[in-house]
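Examination of the molecular architecture
Next come the chains, spelled out residue by residue.
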There are 2 protein chains.
Amino acid sequence: MELVSIDDIRTAATSITDLVVHTPLLPCPWAAGHGSLSLKPENLQTTGSFKIRGAYNAIRRCPPSLRDRGVITYSSGNHAQALAYAARALGVPCTVVMPEDARQVKVTATRSLGAEIVLVPPAERKDVATRLAETEGLALIPPFDHPDVIGGQGTVGLEIVEDLPEVDVVLVPVGGGALASGVATAVKSLRPSASVIGVEPELAADAAESLRSGRLCTWPMTRTGRTVADGLRTNLSDLTFAHLRTHLDDLVTVSEEEITDAVAHLARSAHLIVEPSGAVTVAAYLFNKDRLPAGRTVAVLSGGNVDFGFFTNVLVAPSESQGAD
Amino acid sequence: MELVSIDDIRTAATSITDLVVHTPLLPCPWAAGHGSLSLKPENLQTTGSFKIRGAYNAIRRCPPSLRDRGVITYSSGNHAQALAYAARALGVPCTVVMPEDARQVKVTATRSLGAEIVLVPPAERKDVATRLAETEGLALIPPFDHPDVIGGQGTVGLEIVEDLPEVDVVLVPVGGGALASGVATAVKSLRPSASVIGVEPELAADAAESLRSGRLCTWPMTRTGRTVADGLRTNLSDLTFAHLRTHLDDLVTVSEEEITDAVAHLARSAHLIVEPSGAVTVAAYLFNKDRLPAGRTVAVLSGGNVDFGFFTNVLVAPSESQGAD
């Protein structure tokens with residue numbers, strides 16, 4: 001299986017600059033100890049998550065003859081909004097296949113970016129999108145299982161090493177695995193001595209089990225659906241598993257309480273609104289120091305599209321986790 | 001009266017880089033229309049506000065013989081934390097004179113950064129700090145009424161023009177006026193065609209009255225104390241008034257409801273936690289378009305040290321203002 005290269009990521013970086021924010025590294029004096037912590041706040045990215053990087057790169061790399069007929073994907077999350085936004089910017093029609101039980105706010109947000117929404121039973125999302133792509137001649141741009149998506153997400157890692165060449169540790173969330181695949185590829189290529197550590201919820205630790213066992217393990221949605229980190233319930237694909245086996249140094253898991261506490265810490269100390277999936281890296285840094293290498297650490301915050309009912313509850317609730325200062 | 005120059009600001013920029021984040025410009029696709037809006041999010045700055053720029057620059061420019069005895073200021077807000085942080089980074093003792101009625105959370109936060117706190121009756125803050133500076137031989141670094149503080153704050157304007165050379169409009173909050181003075185000096189020097197517009201709460205519109213009447217007007221705290229934008233209750237000094245008369249193109253005022261609504265918009269759409277004083281510029285952009293020039297607009301968000309009781313109320317309350325999309 002051919003893996004995405006650092007050159008693919010460099011090429012992506014040059015082609016997505018007009019829509020993508022080069023997010024800064026934010027120092028965290030409030031999280032001192034165990035080396036320094038900097039945040040890579042992709043919650044501030046266009047459409048509120050890193051997903052615009054991969055979605056836009058993938059559209060840009062489509063042959064124009066295919067792209068101009070339109071793009072299609074299946075997603076009820078951040079990838080849907082990112083693809084819709086990128087497609088509109090290029091004047092390309094966009095179709096998003098969503099499960100019938102998707103939250104109305106997500107359907108509305110994606111539609112307001114100009115996408116056509118097709119609602120189907122949850123189990124049929126991928127099949128319907130694949131069939132529509134074939135019958136309508138649309139370019140299918142999946143949420144993570146695609147080299148151009150991985151290449152785009154890898155620009156997060158490129159920016160980290162550009163902005164902090166002496167980085168020692170990079171913490172990155174693992175859901176479908178494209179972000180972690182791209183970031184690990186970029187960081188290990190440019191700074192081999194740095195460790196790249198994936199972070200997963202304990203309740204969706206399919207990637208940890210896969211890496212430990214050496215074979216791709218899938219956990220059913222009935223199991224992963226219990227984590228509050230809804231963006232990390234997905235399993236790896238063969239392609240992302242191959243990248244993570246090759247490049248990732250380790251993978252740590254965090255508890256639900258640690259994730260929620262990290263969301264609160266980021267709000268109170270960093271003035272950032274981060275969704276639970278995006279806060280797992282800070283949960284690892286604050287509450288699982290003994291399982292991480294020491295040194296100059298960057299935690300990738302993957303997105304900010306939080307449910308505000310959950311978020312205000314987190315802000316008013318007392319802390320439940322132990323171990324943070 | 002000698003004004004701060006663009007060269008002073010350039011010099012400041014080179015000397016504060018090790019503690020200060022070059023904050024990015026964040027595009028706001030959610031605030032389309034009337035030209036594009038970008039945010040300059042100084043709520044993400046070290047210690048949560050732009051104040052570190054001026055405080056650190058002023059300490060750096062003190063003669064070492066004076067600085068090494070220690071620095072002192074009077075402030076219960078963001079300047080206190082910024083000065084304490086910068087002083088600690090340089091190994092310089094720091095004293096902060098605070099009013100006896102300062103909120104305990106602010107006293108604790110400043111003390112935790114290593115500063116010695118002196119509590120005095122509110123009306124005596126400045127006099128006590130001035131007297132202590134003389135008797136103890138400390139360097140007095142006031143919150144805004146100082147050319148080196150203005151020079152440091154001006155680096156916000158320098159970064160804006162560096163990152164968006166074609167900027168048309170810059171919106172900046174006006175409290176004591178050092179931020180607006182520095183930003184206006186930098187922007188008008190580098191891009192004379194751009195408009196720099198100050199923004200104040202209607203309830204603390206002393207600067208608007210001063211600019212309109214051509215003489216420095218002071219409003220009593222009993223009057224300005226009514227605005228939720230607690231960082232903007234201060235009056236101008238002769239020095240900042242002189243800068244604003246020379247460089248500012250206009251000054252607009254915003255209502256309390258508009259400020260609160262802007263805080264909510266920034267949370268929901270930009271994933272940023274911004275204090276009311278920091279959100280007045282976005283209140284102007286969203287709700288007072290008819291009073292602003294059109295074009296590529298940058299709104300400076302000055303800080304993020306919000307009261308979380310207020311903030312969660314804002315998030316759950318329905319919008320009260322009209323005019324936003």
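Note that the structure is predicted; figures quoted are calculated from it, not measured.

Parameters at a glance
- Residues numbered from 1 in each chain as written.
- Chains lettered and ligands numbered in written order.
- Predicted model: local features only at pLDDT ≥ 70, side-chain atom pairs only at ≥ 80, totals over all residues.
- Heavy atoms only, no water.
- Contact = heavy atoms within 4.5 Å.
- Buried area = accessible area lost by both parts, 1.4 Å probe.
- Salt bridge = Lys/Arg side-chain N within 4 Å of Asp/Glu carboxyl O.
- Polar contact = N/O pair within 3.5 Å; in protein donor to acceptor, adjacent residues only side chain to side chain.
- Helix = DSSP H or I, 4+ residues; strand = E, 2+ residues; numbered from the N terminus.
- Pairing = 2+ DSSP bridges.
- Domains from an automatic or database assignment.
- Nonpolar A, V, L, I, M, F, W, Y, C, P; charged D, E, K, R; others polar.
- Buried < 20%, exposed > 50% of the residue type's maximum accessible area, 1.4 Å probe, protein only.
- Axes fitted to C-alpha atoms, helices over the stretch in contact; angles between N-to-C directions.
- Left-handed = near helix turned anticlockwise from the far one by under 90°.
- Least-squares fit on C-alpha atoms with pLDDT ≥ 70 in both.
- Right-handed = clockwise from strand over helix to strand, strands pointing away.

1. Some details on the interface of chain A and chain B
You'll often see interface size given as the accessible area lost when the parts meet. The partner chain B presents 25 residues to the 25 residues of chain A that form the contact. Regarding the contact of chain A and chain B, the summed buried area is about 2,000 Å², with carbon and sulfur atoms giving 76% of it. Applying the counting criterion to the chain A and chain B interface returns 0 salt bridges. Scanning the region where chain A abuts chain B turns up 6 residue pairs in polar contact (both at pLDDT 80 or more). Secondary-structure elements contributing two or more residues to the side of chain A that touches chain B are strand 1 (26–27), helix 13 (256–270) and helix 15 (308–316) of chain A.

2. A few points about the sheet that holds strand 6 (residues 139–140) of chain A
Judged by pairing direction, the sheet is parallel, and its 4 strands sit side by side in the order 5-4-3-6 (chain A) without closing on themselves. Two strands lie at the open edges of the sheet, namely strand 5 (116–120) and strand 6 of chain A, each paired on one side alone.

3. What to know about the domain arrangement of chain A
Residue and element names in this part refer to chain A. You can read the domains of chain A as domain 1 (6–45 + 150–324) and domain 2 (63–140). When each unit is reduced to the centre of its C-alpha atoms, the spacing between domain 1 and domain 2 is 26 Å. Residue-level contacts link 5 residues of domain 1 with 6 residues of domain 2. Each partner contributes to the roughly 410 Å² buried at the junction of domain 1 and domain 2, and carbon and sulfur atoms together form 41% of this total. For the domain 1 face of the interface with domain 2, the top three residues by lost area are Leu19, Asn305 and Asp307, together amounting to 79%. Put simply, domain 1 and domain 2 have 3 residue pairs in polar contact (both at pLDDT 80 or more) between them. In terms of residue class, the side of domain 1 that touches domain 2 is made up of 1 nonpolar, 1 polar and 3 charged.

4. Side note on helix 8 (residues 155–163) of chain B
Within helix 8 of chain B, 7 of the 9 residues are buried, which leaves the element mostly enclosed by the surrounding structure. Considered for burial, the residues of helix 8 of chain B that qualify are Thr155, Val156, Gly157, Leu158, Glu159, Ile160 and Val161 of chain B.

5. Considering the packing of helix 8 of chain B against helix 9 (residues 178–190) of chain B
Residue and element names in this part refer to chain B. Where helix 8 meets helix 9, the closest approach of the two axes is 7 Å, and the angle between their N-to-C directions is 35 degrees. Between helix 8 and helix 9 lies a crossing whose hand is right-handed. Touching Val156, Gly157, Leu158 and Val161 of helix 8 are Leu179, Val183, Ala186, Val187 and Leu190, all from helix 9. The class makeup of the residues in the contact of helix 8 with helix 9 is 8 nonpolar, 1 polar and no charged.

6. Examining the pattern of salt bridges
Counting across every chain of the model gives 17 salt bridges over all chains. For the salt bridge of Arg103 of chain A with Asp307 of chain A, the shortest nitrogen-to-oxygen distance reads 3.4 Å. Taken together, the residues span a long stretch of sequence, with Arg103 of chain A in the loop between strand 4 (94–99) and helix 5 (104–112) and Asp307 of chain A in the loop between strand 10 (297–301) and helix 15 at a distance of 204 residues. Under the relative-accessibility criterion, Arg103 of chain A is labelled partly exposed at 41%. Judged by relative accessible area, Asp307 of chain A falls into the partly exposed class, the value being 34%. With a shortest N-O distance of 2.9 Å, Arg61 of chain B and Asp148 of chain B are connected by a salt bridge. Of this pair, Arg61 of chain B sits in helix 2 (residues 51–61) while Asp148 of chain B sits in helix 7 (residues 147–153), and the two are 87 residues apart along the sequence.

7. With respect to the pairing of strand 10 of chain A
All names here are of chain A. For strand 10, the buried fraction is high: 5 of the 5 residues fall into the buried class. Burial along strand 10 is two-sided: Thr297, Ala299 and Leu301 and Val298 and Val300, pointing in opposite directions, are all buried. Note that strand 7 (residues 169–173) and strand 10 share 3 bridges and pair parallel. Each bridged residue has a counterpart across the sheet, and for Val169 the counterpart in strand 10 is Thr297.

8. Digging into the relation of the copies chain A and chain B
Its rotation angle being 180 degrees, the transformation that places chain A on chain B also includes 0.0 Å of axial translation and leaves an RMSD of 0.0 Å. Expressed as a symmetry operation, the mapping of one chain copy onto the other fits a two-fold axis. Interface overlap between copies is the fraction of interface residues in one copy that are interface residues in the other; for chain A against chain B it reaches 100%, indicating a shared surface.

9. Let's talk about helix 2 of chain B
For helix 2 of chain B, a buried count of 9 out of 11 residues is recorded, marking the element as mostly surrounded by other parts of the structure. Listed in full, the buried residues belonging to helix 2 of chain B are Lys51, Ile52, Arg53, Gly54, Ala55, Tyr56, Asn57, Ala58 and Ile59 of chain B.

10. A closer look at the environment of Met1 of chain B
Residues and elements named next belong to chain B. Looking at the secondary structure, you find Met1 in the segment before helix 1 (6–15). Taking relative accessible area as the criterion, Met1 reaches 67% and is therefore assigned exposed. Residues Met1 and Pro63, spaced 62 residues apart in sequence, show a C-alpha to C-alpha distance of 23 Å. With residues up to four places along the chain from it excluded, the contact list for Met1 reads Asp238, Leu239 and Ala242.

11. Comments concerning the pairing of strand 8 (residues 195–201) of chain B
Residue and element names in this part refer to chain B. Counting buried residues in strand 8 gives 7 out of 7 residues, a clear majority hidden from the surface. Residue alternation in strand 8 divides its side chains into two sets, Ser195, Ile197, Val199 and Pro201 and Val196, Gly198 and Glu200, and both sets are buried. Two elements, strand 7 (residues 169–173) and strand 8, share 5 bridges in a ladder whose sense is parallel. When the sheet's bridge partners are listed, Val169 is paired in strand 8 with Ser195. For the crossover that starts at strand 7, traverses helix 9 and ends in the parallel strand 8, the hand is right-handed. Examined bridge by bridge, strand 8 and strand 9 (residues 250–254) share 5 bridges and lie parallel to one another. Residue pairing in the sheet places Glu200 in a bridge with Thr253 of strand 9.

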